Amino acid sequence: MELPKIVHGYMLLIAVIFLLLNLFVFSSSLPQGKPLPHMTSDVEEVSGKSFDYIVVGGGTAGCPLAATLSERFSVLLVERGGSSFENPFILEKKYYGFSLLQTDEHTSLAQSFISKDGISNLRGRVLGGSSAMNGGFYSRASQDFVKKVGWNNELVKNAYEWVESRIVFKPELTPWQTVAEFSFLEAGILPYNGFSLEHIKGTKLGGSIFDECGKRHTSADLLLAGNLNNITVLLNATVKSVIIHNTGNRTEKIAQGIRFIKSDGSSLEIYEAYLNQQENSSLRGDVILAAGALGSPQILLLSGIGSYRHLKNFNIPLVLNLKKVGHGMKDEPGIALLVDSKPKNRQPDTPQVVGITDDFKIIIEAGILPISFNATRMPIAAKLALPASKGRLKLNNTDPRQNPWVKFNYLAKEEDCEECVKLVELLERVARSESIALFLGAERKNHVLSGEEEMRKFCKENVRTFYHFHGGCIVGSVVDDDYKVYGVRGLRVVDGSTFEESPGTNPMATLLMLGRYQGVKILKEREK
Ligand SMILES: Cc1cc2nc3c(=O)[nH]c(=O)nc-3n(C[C@H](O)[C@H](O)[C@H](O)COP(=O)(O)OP(=O)(O)OC[C@H]3O[C@@H](n4cnc5c(N)ncnc54)[C@H](O)[C@@H]3O)c2cc1C
């Protein structure tokens, strides 16, 4: 009876040593061995201070934006989560997916939410935002998208290259990704494009934010490209609202700063930080929301910017009756087929290869995902790009740490259901391919869905998120072409909430680019 106890104690000791070693390795090899910006979780240290720019949300778009602005201005970056620089569960590819399994209400790296459609979903809550926990697949937006949204081609190219030279890598295909690549080609997703960062039809190998050693580079690494003397990162603080005043002109509003609380809820105290005041108001900086597709519309609503009727329900004084805040929420519906017959303990694998159909409506990839700390499954998953169905975001309550109410209306439109049937047909072809049969042999699961009705039913019953949700502060309805909130000076939104449709193969590349792009545009504006 004593032996198992000893063995158990011994294994525990090994596990602790292993974790400490990992922590040591990571803390002594911070990005490129460079110094980090000043980071603090002490709200008192920042309270009452003024900065040229305040960026709310240290996520995918927020970090490159803050780094760029810091080249010439003082920047406060406020992130509700902690640091990502020393966490092996974020940085090591072999732990991919583990952080998605362990969620809690206020402190986990991933914050889970269930949309009113009844579908589970996740959002990042750490410096680096969702880039610190996502699949790391990197692919640019198409030229058509860039043209449609009216961005400057040259600036876009420069901004992508700025990001790519720092945190994007050409992946070495794992055995499972090689099999996925063959299975997509076998299923007719042609041509074969090899390695490409462009959004092109066919099968391709994309970029990755995991380097050749399997180390993740999040958007937070981009902070190191800024002027570190100009950046203050406030961690574990949640922004509650933007401080907005009337100007001399009664109808004109101006953002003056932010109100924030401690993320752990250990006190109810509300703190404030301000924008530096300049005599000439055209030389003033901005509060820039980069809190993601759920966070930014939520903060606008909590600040009194939104539909009067909705804000009245929460006794929030109206600042601006901007009815479209929270509208146009979209999530690209996903369907996954498990190709293995039962759970096994494999090393997690992130997608490195995608298949993009002729009309760019279906995008397919494969991974190995943990379902617990010692079991994985092998899904082939596809998303329906550019869905017609859309939904809405509203407040649930006035606590900024809680998720807002959101409904995406997955597959509500008939055209999305029709596309979903095509998507399932394609998934079935891939799942039944010789390549997968050869690789998995007896471990393979047999798929037998047939007939349109059965596939429609399957779609409705199995639809899930692909985590590419966006909308809520869309350009043209909440922010203008310069990403400035209509009707409030000194307030912008720069993140996934501004997209009407998800760019390219998937959104991370374009959000990283957008942070840099908007930062450069602001710096140019201030030169005038
Ligand atoms: C599991 C998963 C896998 C994915 N895989 C891929 C992939 O492989 N490739 C790809 O291109 N895309 C992928 N995506 C999508 C992509 O990561 C996101 O679309 C993108 O990162 C969103 O960027 P963002 O800047 O809009 O928001 P985020 O990166 O989420 O940043 C928002 C930040 O704001 C902070 N914040 C929110 N509210 C507040 C507040 N009130 N106060 C202070 N801070 C606040 C958050 O903590 C967060 O850090 C994936 C997403 C998930 C969740």
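Residues numbered from 1 in each chain as written. Predicted model: local features only at pLDDT ≥ 70, side-chain atom pairs only at ≥ 80, totals over all residues.

- By the naming in an unreviewed UniProt entry, the chain goes by Protein HOTHEAD isoform X2 and is assigned to Ziziphus jujuba.
- You can read under Sequence similarities (unreviewed entry) in the UniProt record for the chain the words "Belongs to the GMC oxidoreductase family."
- According to the UniProt record, the Cofactor (unreviewed entry) comment for the chain is "FAD". (UniProt positions renumbered as here; feature names shortened; annotations may be inferred.)

### Points about the sheet that holds strand S4 (residues 75-78)
Okay, step 1: Here 6 strands make up an open sheet; going across it, the order is S1-S11-S4-S3-S15-S29 and the pairing parallel. Edge positions in the open sheet fall to strand S1 (38-40) and strand S29 (491-493), since each of these has one partner strand only. The sheet shows a mean angle of 20° between the axes of neighbouring strands, direction not considered.
Okay, step 2: Where S1 meets strand S11 (residues 231-234), 3 bridges bridge the pair, whose relative direction is parallel. (Pairing = 2+ DSSP bridges. Helix = DSSP H or I, 4+ residues; strand = E, 2+ residues; numbered from the N terminus. Axes fitted to C-alpha atoms, helices over the stretch in contact; angles between N-to-C directions.)

### A short note on the domain arrangement of the chain
Okay, step 1: Domain annotation of the chain identifies domain 1 (38-171 + 214-330 + 392-409 + 469-528) and domain 2 (172-205 + 333-385 + 411-462).
Okay, step 2: A straight line from the C-alpha centre of domain 1 to that of domain 2 covers 31 Å.
Okay, step 3: Across the boundary between the two partners, domain 1 contributes 20 residues, which contact 22 residues of domain 2.
Okay, step 4: Those elements that place two or more of their residues in the side of domain 1 that touches domain 2 are helix H5 (98-101) and strand S7 (137-138).
Okay, step 5: Of the residues belonging to the side of domain 1 that touches domain 2, the class tally is 7 nonpolar, 9 polar and 4 charged. (Domains from an automatic or database assignment. Contact = placed C-beta atoms within 7 Å. Nonpolar A, V, L, I, M, F, W, Y, C, P; charged D, E, K, R; others polar.)

### With respect to the nonpolar core
Okay, step 1: Ranked by size, the top nonpolar core spans 93 residues in total, and within it Ile54, Val55, Val56, Ala66 and Val78 carry the most contacts.
Okay, step 2: The greatest single-element share of this core, amounting to 9 residues, is contributed by helix H14 (residues 508-527).
Okay, step 3: The next biggest cluster of nonpolar side chains, apart from the first, holds 45 residues, and it includes Leu337, Leu369, Leu427 and Met455. (Core = buried A, V, L, I, M, F, W, Y, C linked by C-beta atoms within 7 Å. Buried ≥ 20, exposed ≤ 12 C-beta atoms within 10 Å, placed from the backbone.)

### Structural notes on the site of the ligand
Okay, step 1: The full set close to the ligand counts 42 residues, and Gly57, Gly59, Gly129, Gly135 and Gly295 are the nearest of them.
Okay, step 2: The biggest single contributor to the shell around the ligand is helix H9 (residues 292-302), with 4 residues.
Okay, step 3: Each residue belonging to the shell around the ligand can be placed in one class, and the counts come to 18 nonpolar, 19 polar and 5 charged. (Near = placed C-beta within 6 Å.)

### As for the UniProt feature "binding site: FAD" (unreviewed entry) in the chain
Okay, step 1: Taken from the UniProt record, the annotation "binding site: FAD" (unreviewed entry) applies to Val126, Val239 and Gly496.
Okay, step 2: Relative to the elements of secondary structure, Val126 occurs in the loop between strand S6 (120-124) and S7.
Okay, step 3: Apart from the residues lying within four places of it in its own chain, the contact partners of Val126 are Gly81, Gly82, Ser84, Leu109 and Ala132.
Okay, step 4: Within the element layout of this structure, Val239 appears in strand S12 (residues 237-246).

### Things to note about the environment of Gly194
Okay, step 1: Along the chain, Gly194 falls in strand S8 (residues 192-195).
Okay, step 2: By C-beta crowding, Gly194 is classed as exposed, having 9 other C-beta atoms within 10 Å.
Okay, step 3: Linking Gly194 and Gly226, residues 32 residues apart in sequence, is a C-alpha distance of 34 Å.
Okay, step 4: Non-local contacts of Gly194, meaning those with residues more than four positions away in its chain, are made with Lys204 and Leu205.

### Things to note about the packing of helix H7 (residues 153-167) against H14
Okay, step 1: In contact at an axis separation of 8 Å, H7 and H14 are set at 115° when each is read in the N-to-C sense. Where H7 crosses over H14, the handedness of that crossing is right-handed. Of the residues in H14, those in contact with Leu155, Val156, Ala159, Tyr160, Trp162 and Val163 of H7 are Ala509, Leu512, Met513, Arg516, Tyr517 and Val520.
Okay, step 2: In terms of residue class, the contact of H7 with H14 is built from 11 nonpolar, no polar and 1 charged. (Left-handed = near helix turned anticlockwise from the far one by under 90°.)

### Description of the UniProt feature "domain: Glucose-methanol-choline oxidoreductase N-terminal" (unreviewed entry) in the chain
Okay, step 1: Per the UniProt record, "domain: Glucose-methanol-choline oxidoreductase N-terminal" (unreviewed entry) is found at residues 292-306.
Okay, step 2: Counted over residues 292-306, helix gives 73% and strand 13%. Its end C-alpha atoms are 17 Å apart.

### Details of the sheet that holds strand S26 (residues 405-407)
Okay, step 1: Read across the open sheet, the 3 strands follow the order S18-S25-S26; overall the sheet is antiparallel. Sheet topology places strand S18 (327-329) and S26 at the edges, where each strand pairs with a single neighbour. Going from strand to strand, the sheet's axes swing by 35° on average, the running direction of each strand aside.
Okay, step 2: Note that strand S25 (residues 391-394) and S26 share 3 bridges and pair antiparallel. If you follow Lys394 over to S26, its bridge partner there is Trp405.

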